Amino acid sequence: MISNLLLQKMVINLLGLVLFHLATTPWPKAISSTSYPRANPIHADIILRSNGGVDFRAHKLILSKASSFFEDMFKLPQNEKMKAEGIQVITMEEDQHTVRLVLDFCYPVAEPMFSPSEMEAVVQLLRALDKYHIQGGMKRTERQLRVFAPTHPLRVYAVACRYGMNETAEIAARHSLQAPLWPSIAQTKIPEFSLITADCLQTLLQYHQRCRVAAASLVDDLKWIIDPNFTWFQCKSCSPASGGPVRIKNGSMTYHPRSWWLKYMKDVQKELYNRPIGSVVLDADIISASVAVPIRVCDTCRATCVGDMLKFCTFFAKKLDETTSRVPLQLELK
Ligand SMILES: [Zn+2]
(Lines give C-alpha, C1' and ligand atoms only; values in the text may rest on other atoms or scores of the structure.)
Protein backbone atom coordinates (compact mmCIF):
# COMPACT_ATOMS: atom_id res chain seq x y z
CA MET A 1 0.00 0.00 0.00
CA ILE A 2 1.26 3.50 -0.82
CA SER A 3 1.13 5.79 2.19
CA ASN A 4 -0.64 9.14 1.95
CA LEU A 5 2.68 10.93 2.51
CA LEU A 6 4.34 9.06 -0.34
CA LEU A 7 1.33 9.68 -2.57
CA GLN A 8 1.43 13.39 -1.73
CA LYS A 9 5.15 13.53 -2.62
CA MET A 10 4.47 11.73 -5.91
CA VAL A 11 1.74 14.25 -6.80
CA ILE A 12 4.01 17.20 -5.95
CA ASN A 13 6.84 15.68 -8.01
CA LEU A 14 4.44 15.19 -10.90
CA LEU A 15 3.28 18.78 -10.69
CA GLY A 16 6.94 19.82 -10.63
CA LEU A 17 7.50 17.92 -13.86
CA VAL A 18 4.48 19.62 -15.40
CA LEU A 19 5.79 23.05 -14.45
CA PHE A 20 9.26 22.09 -15.73
CA HIS A 21 7.68 21.03 -19.00
CA LEU A 22 5.80 24.31 -19.23
CA ALA A 23 8.99 26.24 -18.50
CA THR A 24 11.01 24.49 -21.20
CA THR A 25 8.41 24.54 -24.00
CA PRO A 26 7.45 27.64 -26.00
CA TRP A 27 5.35 29.87 -23.79
CA PRO A 28 2.01 30.89 -25.38
CA LYS A 29 1.64 34.63 -25.49
CA ALA A 30 -1.42 36.46 -24.28
CA ILE A 31 -3.63 37.93 -27.00
CA SER A 32 -5.87 39.68 -24.54
CA SER A 33 -6.18 40.15 -20.84
CA THR A 34 -9.30 40.23 -18.78
CA SER A 35 -10.27 40.05 -15.17
CA TYR A 36 -12.64 37.40 -14.07
CA PRO A 37 -15.72 39.57 -13.37
CA ARG A 38 -15.93 38.47 -9.72
CA ALA A 39 -12.21 39.01 -9.12
CA ASN A 40 -10.90 42.42 -8.14
CA PRO A 41 -7.92 42.86 -10.51
CA ILE A 42 -6.06 44.98 -7.96
CA HIS A 43 -5.70 42.01 -5.62
CA ALA A 44 -5.18 39.35 -8.30
CA ASP A 45 -2.08 37.25 -7.67
CA ILE A 46 -2.39 34.58 -10.40
CA ILE A 47 -3.19 34.64 -14.12
CA LEU A 48 -4.84 31.70 -15.89
CA ARG A 49 -3.95 31.87 -19.59
CA SER A 50 -6.47 29.97 -21.77
CA ASN A 51 -5.70 27.95 -24.85
CA GLY A 52 -5.91 30.77 -27.36
CA GLY A 53 -4.12 33.26 -25.14
CA VAL A 54 -6.81 34.97 -23.09
CA ASP A 55 -5.61 35.85 -19.58
CA PHE A 56 -7.87 35.67 -16.54
CA ARG A 57 -6.65 37.40 -13.38
CA ALA A 58 -7.71 35.52 -10.27
CA HIS A 59 -6.77 34.79 -6.65
CA LYS A 60 -4.64 31.90 -5.43
CA LEU A 61 -6.47 31.66 -2.12
CA ILE A 62 -9.87 31.16 -3.75
CA LEU A 63 -8.56 28.71 -6.35
CA SER A 64 -6.76 26.75 -3.59
CA LYS A 65 -9.94 26.46 -1.52
CA ALA A 66 -11.91 25.16 -4.51
CA SER A 67 -9.27 22.89 -6.05
CA SER A 68 -6.71 20.60 -4.45
CA PHE A 69 -4.93 20.60 -7.82
CA PHE A 70 -4.33 24.35 -7.65
CA GLU A 71 -3.56 24.14 -3.93
CA ASP A 72 -0.74 21.66 -4.61
CA MET A 73 0.47 23.62 -7.61
CA PHE A 74 0.77 26.89 -5.66
CA LYS A 75 3.01 25.16 -3.08
CA LEU A 76 5.67 24.68 -5.75
CA PRO A 77 8.41 27.27 -6.39
CA GLN A 78 7.35 29.92 -8.89
CA ASN A 79 8.98 30.12 -12.29
CA GLU A 80 10.23 33.69 -12.61
CA LYS A 81 10.14 33.46 -16.42
CA MET A 82 6.41 32.69 -16.47
CA LYS A 83 5.17 36.03 -15.25
CA ALA A 84 3.18 38.88 -16.74
CA GLU A 85 3.29 42.28 -15.05
CA GLY A 86 4.87 40.58 -12.07
CA ILE A 87 2.08 37.99 -11.67
CA GLN A 88 2.59 34.24 -12.07
CA VAL A 89 0.96 32.82 -15.25
CA ILE A 90 -0.55 29.33 -15.47
CA THR A 91 -1.11 28.11 -19.02
CA MET A 92 -4.27 26.04 -19.46
CA GLU A 93 -5.22 23.47 -22.11
CA GLU A 94 -8.83 24.67 -22.05
CA ASP A 95 -10.31 27.42 -24.22
CA GLN A 96 -11.41 30.75 -22.74
CA HIS A 97 -15.05 29.68 -22.35
CA THR A 98 -14.14 26.60 -20.31
CA VAL A 99 -11.63 28.52 -18.17
CA ARG A 100 -14.33 31.09 -17.46
CA LEU A 101 -16.75 28.30 -16.42
CA VAL A 102 -14.09 26.66 -14.23
CA LEU A 103 -13.70 30.00 -12.42
CA ASP A 104 -17.49 30.16 -12.01
CA PHE A 105 -17.20 27.03 -9.88
CA CYS A 106 -14.30 28.39 -7.82
CA TYR A 107 -15.84 31.76 -6.93
CA PRO A 108 -19.07 31.94 -4.88
CA VAL A 109 -21.37 32.90 -7.72
CA ALA A 110 -24.61 31.61 -9.19
CA GLU A 111 -24.45 28.26 -10.96
CA PRO A 112 -23.98 28.76 -14.73
CA MET A 113 -26.91 27.66 -16.87
CA PHE A 114 -26.66 26.00 -20.26
CA SER A 115 -28.99 26.16 -23.25
CA PRO A 116 -30.26 22.94 -24.92
CA SER A 117 -27.55 23.29 -27.59
CA GLU A 118 -24.66 23.43 -25.10
CA MET A 119 -24.18 19.76 -24.24
CA GLU A 120 -20.60 19.92 -25.56
CA ALA A 121 -19.80 22.83 -23.23
CA VAL A 122 -21.02 20.79 -20.25
CA VAL A 123 -18.84 17.83 -21.29
CA GLN A 124 -15.76 20.04 -21.63
CA LEU A 125 -16.50 21.69 -18.29
CA LEU A 126 -16.78 18.32 -16.50
CA ARG A 127 -13.47 17.27 -18.04
CA ALA A 128 -11.78 20.44 -16.72
CA LEU A 129 -13.44 20.26 -13.27
CA ASP A 130 -12.31 16.64 -12.93
CA LYS A 131 -8.80 17.50 -14.08
CA TYR A 132 -8.48 20.34 -11.54
CA HIS A 133 -10.15 18.34 -8.74
CA ILE A 134 -13.02 20.81 -8.22
CA GLN A 135 -15.38 18.31 -6.59
CA GLY A 136 -18.10 20.80 -5.61
CA GLY A 137 -18.29 21.94 -9.22
CA MET A 138 -18.57 18.34 -10.43
CA LYS A 139 -21.66 17.77 -8.27
CA ARG A 140 -23.32 20.97 -9.42
CA THR A 141 -22.53 20.33 -13.09
CA GLU A 142 -23.94 16.80 -12.79
CA ARG A 143 -27.35 18.41 -12.29
CA GLN A 144 -26.85 20.37 -15.52
CA LEU A 145 -25.81 17.20 -17.32
CA ARG A 146 -29.11 15.48 -16.39
CA VAL A 147 -31.05 18.14 -18.29
CA PHE A 148 -29.68 16.63 -21.49
CA ALA A 149 -30.70 13.03 -20.63
CA PRO A 150 -34.06 13.11 -22.51
CA THR A 151 -32.47 14.45 -25.73
CA HIS A 152 -28.98 12.84 -25.57
CA PRO A 153 -29.42 9.76 -23.36
CA LEU A 154 -26.45 7.79 -24.71
CA ARG A 155 -24.03 10.71 -24.49
CA VAL A 156 -25.17 11.51 -20.95
CA TYR A 157 -24.91 7.84 -19.96
CA ALA A 158 -21.30 7.69 -21.20
CA VAL A 159 -20.28 10.92 -19.44
CA ALA A 160 -21.96 9.77 -16.21
CA CYS A 161 -20.09 6.45 -16.38
CA ARG A 162 -16.79 8.26 -16.97
CA TYR A 163 -17.15 10.39 -13.84
CA GLY A 164 -18.78 7.84 -11.53
CA MET A 165 -22.25 9.43 -11.51
CA ASN A 166 -24.42 6.40 -10.75
CA GLU A 167 -27.77 8.15 -10.39
CA THR A 168 -27.33 10.17 -13.59
CA ALA A 169 -26.30 7.02 -15.48
CA GLU A 170 -29.55 5.36 -14.33
CA ILE A 171 -31.64 8.35 -15.45
CA ALA A 172 -29.91 8.40 -18.85
CA ALA A 173 -30.28 4.63 -19.28
CA ARG A 174 -34.00 4.95 -18.62
CA HIS A 175 -34.34 7.69 -21.25
CA SER A 176 -32.34 5.57 -23.70
CA LEU A 177 -35.28 3.12 -23.82
CA GLN A 178 -37.02 5.60 -26.15
CA ALA A 179 -35.13 4.14 -29.11
CA PRO A 180 -33.59 0.75 -29.88
CA LEU A 181 -29.85 0.68 -29.20
CA TRP A 182 -29.31 -1.35 -32.31
CA PRO A 183 -28.67 -0.26 -35.03
CA SER A 184 -28.32 3.34 -33.76
CA ILE A 185 -24.99 2.72 -31.99
CA ALA A 186 -23.62 1.15 -35.17
CA GLN A 187 -24.82 3.98 -37.41
CA THR A 188 -24.26 7.08 -35.28
CA LYS A 189 -20.92 8.11 -33.82
CA ILE A 190 -21.22 8.83 -30.10
CA PRO A 191 -17.96 10.59 -29.18
CA GLU A 192 -18.39 10.10 -25.44
CA PHE A 193 -18.28 6.30 -25.85
CA SER A 194 -14.50 6.71 -26.06
CA LEU A 195 -14.65 7.71 -22.38
CA ILE A 196 -16.14 4.44 -21.11
CA THR A 197 -15.25 0.78 -20.89
CA ALA A 198 -16.88 -1.99 -22.91
CA ASP A 199 -18.29 -3.19 -19.58
CA CYS A 200 -20.38 -0.01 -19.23
CA LEU A 201 -21.74 -0.47 -22.75
CA GLN A 202 -22.53 -4.13 -22.12
CA THR A 203 -24.34 -3.15 -18.92
CA LEU A 204 -26.55 -0.82 -20.94
CA LEU A 205 -27.24 -3.48 -23.58
CA GLN A 206 -28.20 -5.99 -20.89
CA TYR A 207 -30.45 -3.40 -19.22
CA HIS A 208 -32.29 -2.84 -22.50
CA GLN A 209 -32.72 -6.58 -22.91
CA ARG A 210 -34.18 -6.99 -19.41
CA CYS A 211 -36.57 -4.07 -19.99
CA ARG A 212 -37.69 -5.50 -23.34
CA VAL A 213 -38.44 -8.88 -21.77
CA ALA A 214 -40.25 -7.32 -18.79
CA ALA A 215 -42.39 -5.10 -21.03
CA ALA A 216 -43.27 -7.83 -23.51
CA SER A 217 -44.21 -10.23 -20.69
CA LEU A 218 -47.18 -8.00 -19.84
CA VAL A 219 -48.78 -9.15 -23.11
CA ASP A 220 -48.21 -12.84 -22.35
CA ASP A 221 -49.57 -12.64 -18.80
CA LEU A 222 -52.68 -10.45 -18.47
CA LYS A 223 -53.39 -10.90 -14.75
CA TRP A 224 -52.49 -7.24 -14.17
CA ILE A 225 -55.73 -6.19 -15.96
CA ILE A 226 -58.24 -5.48 -13.20
CA ASP A 227 -61.28 -4.33 -15.20
CA PRO A 228 -63.29 -7.14 -16.89
CA ASN A 229 -65.93 -4.73 -18.24
CA PHE A 230 -64.06 -3.70 -21.38
CA THR A 231 -66.08 -4.55 -24.49
CA TRP A 232 -63.50 -7.03 -25.80
CA PHE A 233 -64.06 -9.19 -22.70
CA GLN A 234 -67.89 -8.85 -22.67
CA CYS A 235 -68.81 -8.96 -26.36
CA LYS A 236 -70.23 -12.25 -27.71
CA SER A 237 -70.94 -10.93 -31.21
CA CYS A 238 -67.61 -10.62 -33.06
CA SER A 239 -64.89 -13.26 -33.46
CA PRO A 240 -63.14 -14.47 -30.31
CA ALA A 241 -59.37 -14.74 -30.39
CA SER A 242 -57.95 -18.17 -31.01
CA GLY A 243 -56.10 -19.78 -28.15
CA GLY A 244 -58.91 -20.05 -25.63
CA PRO A 245 -59.71 -17.95 -22.55
CA VAL A 246 -57.23 -15.74 -20.74
CA ARG A 247 -56.95 -15.02 -17.04
CA ILE A 248 -57.15 -11.45 -15.77
CA LYS A 249 -57.79 -9.84 -12.40
CA ASN A 250 -55.10 -11.79 -10.54
CA GLY A 251 -56.12 -14.99 -12.22
CA SER A 252 -59.48 -15.28 -10.48
CA MET A 253 -61.55 -15.23 -13.68
CA THR A 254 -61.14 -16.19 -17.34
CA TYR A 255 -62.46 -14.35 -20.40
CA HIS A 256 -62.47 -14.93 -24.15
CA PRO A 257 -61.10 -11.67 -25.59
CA ARG A 258 -62.17 -10.62 -29.08
CA SER A 259 -59.65 -11.27 -31.83
CA TRP A 260 -59.27 -7.57 -32.84
CA TRP A 261 -58.11 -6.66 -29.32
CA LEU A 262 -55.63 -9.52 -29.04
CA LYS A 263 -54.19 -8.51 -32.42
CA TYR A 264 -53.61 -5.04 -31.01
CA MET A 265 -51.79 -6.56 -28.02
CA LYS A 266 -49.56 -8.69 -30.28
CA ASP A 267 -48.77 -5.70 -32.54
CA VAL A 268 -47.82 -3.68 -29.47
CA GLN A 269 -45.69 -6.51 -28.13
CA LYS A 270 -43.59 -6.51 -31.31
CA GLU A 271 -42.90 -2.78 -30.90
CA LEU A 272 -42.13 -3.21 -27.17
CA TYR A 273 -39.23 -5.46 -28.12
CA ASN A 274 -37.75 -2.37 -29.83
CA ARG A 275 -38.89 0.37 -27.47
CA PRO A 276 -40.05 -0.84 -24.04
CA ILE A 277 -41.79 2.38 -22.98
CA GLY A 278 -45.38 3.31 -22.18
CA SER A 279 -45.87 5.74 -25.06
CA VAL A 280 -45.64 2.80 -27.52
CA VAL A 281 -49.08 1.49 -26.49
CA LEU A 282 -50.58 4.96 -26.96
CA ASP A 283 -49.50 5.06 -30.61
CA ALA A 284 -52.47 6.59 -32.41
CA ASP A 285 -51.87 4.66 -35.63
CA ILE A 286 -51.87 1.25 -33.87
CA ILE A 287 -54.99 2.10 -31.82
CA SER A 288 -56.85 3.47 -34.86
CA ALA A 289 -56.05 0.38 -36.92
CA SER A 290 -57.21 -1.92 -34.10
CA VAL A 291 -60.61 -0.25 -33.51
CA ALA A 292 -61.31 0.12 -37.24
CA VAL A 293 -62.28 -3.59 -37.36
CA PRO A 294 -64.98 -3.68 -34.62
CA ILE A 295 -66.35 -0.30 -35.76
CA ARG A 296 -66.91 -1.88 -39.17
CA VAL A 297 -68.17 -5.35 -38.22
CA CYS A 298 -69.48 -5.48 -34.61
CA ASP A 299 -72.64 -3.76 -33.36
CA THR A 300 -71.69 -4.50 -29.75
CA CYS A 301 -68.07 -3.31 -29.77
CA ARG A 302 -68.77 -0.33 -32.04
CA ALA A 303 -70.44 1.72 -29.32
CA THR A 304 -67.70 1.60 -26.69
CA CYS A 305 -64.49 0.27 -28.24
CA VAL A 306 -62.85 3.70 -28.73
CA GLY A 307 -63.57 4.89 -25.17
CA ASP A 308 -62.58 1.53 -23.72
CA MET A 309 -59.33 1.44 -25.67
CA LEU A 310 -58.34 4.95 -24.58
CA LYS A 311 -59.01 4.05 -20.95
CA PHE A 312 -57.23 0.69 -21.21
CA CYS A 313 -54.19 2.02 -23.13
CA THR A 314 -53.64 4.81 -20.61
CA PHE A 315 -53.61 2.22 -17.82
CA PHE A 316 -51.42 -0.12 -19.89
CA ALA A 317 -48.86 2.65 -20.56
CA LYS A 318 -48.63 3.44 -16.85
CA LYS A 319 -48.25 -0.24 -16.01
CA LEU A 320 -45.45 -0.61 -18.57
CA ASP A 321 -43.46 2.31 -17.22
CA GLU A 322 -43.92 1.05 -13.66
CA THR A 323 -42.69 -2.39 -14.73
CA THR A 324 -39.52 -1.16 -16.45
CA SER A 325 -38.83 1.31 -13.64
CA ARG A 326 -38.28 -1.71 -11.37
CA VAL A 327 -35.63 -3.15 -13.72
CA PRO A 328 -32.22 -2.33 -12.20
CA LEU A 329 -29.38 -1.02 -14.36
CA GLN A 330 -26.90 -3.08 -12.34
CA LEU A 331 -24.09 -0.61 -12.93
CA GLU A 332 -21.39 -0.34 -10.30
CA LEU A 333 -19.32 2.77 -10.86
CA LYS A 334 -16.43 3.70 -8.61
ZN1 LIG B 1 -67.52 -7.29 -30.64
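Note that this is a predicted model, so its numbers are computed, not measured.

### Things to note about the overall build of the protein
Then step 1. Per the secondary structure count, the protein includes 14 helices and seven strands.
Then step 2. Intrachain contacts of the protein at a sequence separation of at least 6 include 64% that bridge at least 24 residues.

### A closer look at the nonpolar core
Most often, soluble globular proteins have nonpolar side chains that are buried together.
Then step 1. Of all hydrophobic cores here, the largest spans 70 residues; its most connected members are Val102, Leu129, Val156, Tyr157, Ala160 and Ala172.
Then step 2. Excluding residues within four positions of it along the chain, tyrosine 157 makes contact with Ala169, Ala172, Ala173, Ser176 and Leu204.

### Considerations on the pairing of strand β5 (residues 87-95)
Then step 1. Relative to β5, strand β2 (residues 46-51) runs parallel, the two being bridged by four bridges. For leucine 48, the partnering residue across the bridge sits in β5 and is isoleucine 90.
Then step 2. Counted between consecutive antiparallel strands, the loop separating strand β4 (residues 83-84) from β5 contains two residues, among which glutamate 85 sits at a positive phi close to 55°.

### Focus on helix α10 (residues 198-220)
Then step 1. Here α10 spans 33 Å end to end across 23 residues, near enough to the 33 Å set by a 1.5 Å rise per residue.
Then step 2. By the burial criterion, the buried members of α10 are Thr203, Leu204, Tyr207, His208, Cys211, Ala215 and Leu218.
Then step 3. Tucked inside the fold, the buried residues of α10 contact α7 (153-162), α8 (166-175), α9 (181-187), α12 (259-272) and α14 (299-325).

### Describing the packing of α12 against helix α13 (residues 284-297)
Two quantities define a packed helix pair, namely the angle between the axes and the distance from one axis to the other.
Then step 1. Running from N to C, α12 and α13 cross one another at 165°; their axes reach a closest spacing of 9 Å. As the angle between them shows, α12 and α13 are arranged roughly antiparallel. Note on packing geometry: the crossing formed by α12 with α13 is right-handed. Residue-level inspection shows Trp260, Lys263, Tyr264, Asp267 and Val268 of α12 in contact with α13, the latter providing Ile286, Ser290, Val293 and Pro294.

### So, the pairing of strand β3 (residues 54-58)
Then step 1. β3 sits mainly inside the fold: four of its five residues count as buried.
Then step 2. Pairing analysis gives four bridges linking β2 to β3, with the strands arranged antiparallel. In the strand pairing of β3, isoleucine 47 is matched with arginine 57.
Then step 3. The turn linking β2 back onto β3 is made up of two residues, and glycine 52 within it adopts a positive phi angle of 115°.

### Side note on the confidence of the model for the protein
Then step 1. When pLDDT is averaged across the protein, the result is 86; 87% of the residues are at 70 or more.
Then step 2. Within the model, the stretch residues 10-26 combines pLDDT values under 50 with 15 contacts to residues more than four positions away or in other chains.

### Quick look at the packing of helix α4 (residues 96-104) against helix α5 (residues 119-131)
Then step 1. It is the contact of α4 with α5, at a shortest axis distance of 9 Å, that shows an interaxial angle of 60°. In this view, α4 runs oblique relative to α5, as classed from their interaxial angle. Between α4 and α5 lies a crossing whose hand is right-handed. Contacts between α4 and α5 involve His97, Thr98, Leu101 and Val102 from the former and Ala121, Gln124, Leu125, Ala128 and Leu129 from the latter.

### Some details on the environment of tyrosine 255
Then step 1. With respect to the helices and strands, tyrosine 255 occurs in strand β7 (residues 253-255).
Then step 2. Residue tyrosine 255 is classed as partly exposed on the basis of its 18 C-beta neighbours within 10 Å.
Then step 3. With eleven residues separating them in the primary sequence, tyrosine 255 and glycine 244 have C-alpha atoms 8.5 Å apart.
Then step 4. If we skip the residues at most four places from it in the chain, tyrosine 255 touches Pro228, Phe233, Pro245, Val246 and Ile248.

### Notes on helix α6 (residues 135-146)
Then step 1. Over its twelve residues, α6 runs 17 Å from end to end, which matches the ideal 16 Å to within 8%, given 1.5 Å per residue.
Then step 2. For α6, the set of buried residues is Gly137, Thr141 and Leu145. Here the buried residues of α6 occupy an arc of 80° about the axis, which is enough to place them on one side. Away from its buried face, by an angle of more than 90 degrees, α6 presents the exposed residues Lys139 and Arg143.
Then step 3. Buried-residue contacts for α6 involve α5, α7 and α8.

### Focus on unusual backbone geometry
Then step 1. In this model, tryptophan 182 is joined to proline 183 through a cis peptide bond whose omega is 15°.
Then step 2. In this model, glutamate 85 sits at a positive phi of 55°, which is unusual for a non-glycine residue.
Then step 3. Considering the arrangement of structural elements, one finds glutamate 85 in the loop between β4 and β5.
Then step 4. Judged by local crowding, glutamate 85 falls into the exposed class, with 10 C-beta atoms found within 10 Å.

### Looking at the environment of isoleucine 295
Then step 1. Its place among the elements puts isoleucine 295 in helix α13.
Then step 2. It is 7.8 Å that separates the C-alpha atoms of isoleucine 295 and cysteine 305, two residues lying ten residues apart in sequence.
Then step 3. For isoleucine 295, the residues in contact, after removing those within four places along its chain, are Arg302 and Cys305.

Criteria and thresholds
- Residues numbered from 1 in each chain as written.
- Predicted model: local features only at pLDDT ≥ 70, side-chain atom pairs only at ≥ 80, totals over all residues.
- Helix = DSSP H or I, 4+ residues; strand = E, 2+ residues; numbered from the N terminus.
- Contact = placed C-beta atoms within 7 Å.
- Core = buried A, V, L, I, M, F, W, Y, C linked by C-beta atoms within 7 Å.
- Buried ≥ 20, exposed ≤ 12 C-beta atoms within 10 Å, placed from the backbone.
- Pairing = 2+ DSSP bridges.
- Expected span 1.5 Å × (residues − 1).
- Axes fitted to C-alpha atoms, helices over the stretch in contact; angles between N-to-C directions.
- Parallel < 35°, antiparallel > 145°, perpendicular 65-115°, else oblique.
- Left-handed = near helix turned anticlockwise from the far one by under 90°.
- pLDDT = per-residue confidence, 0-100.
- Arc of directions from axis to C-beta.

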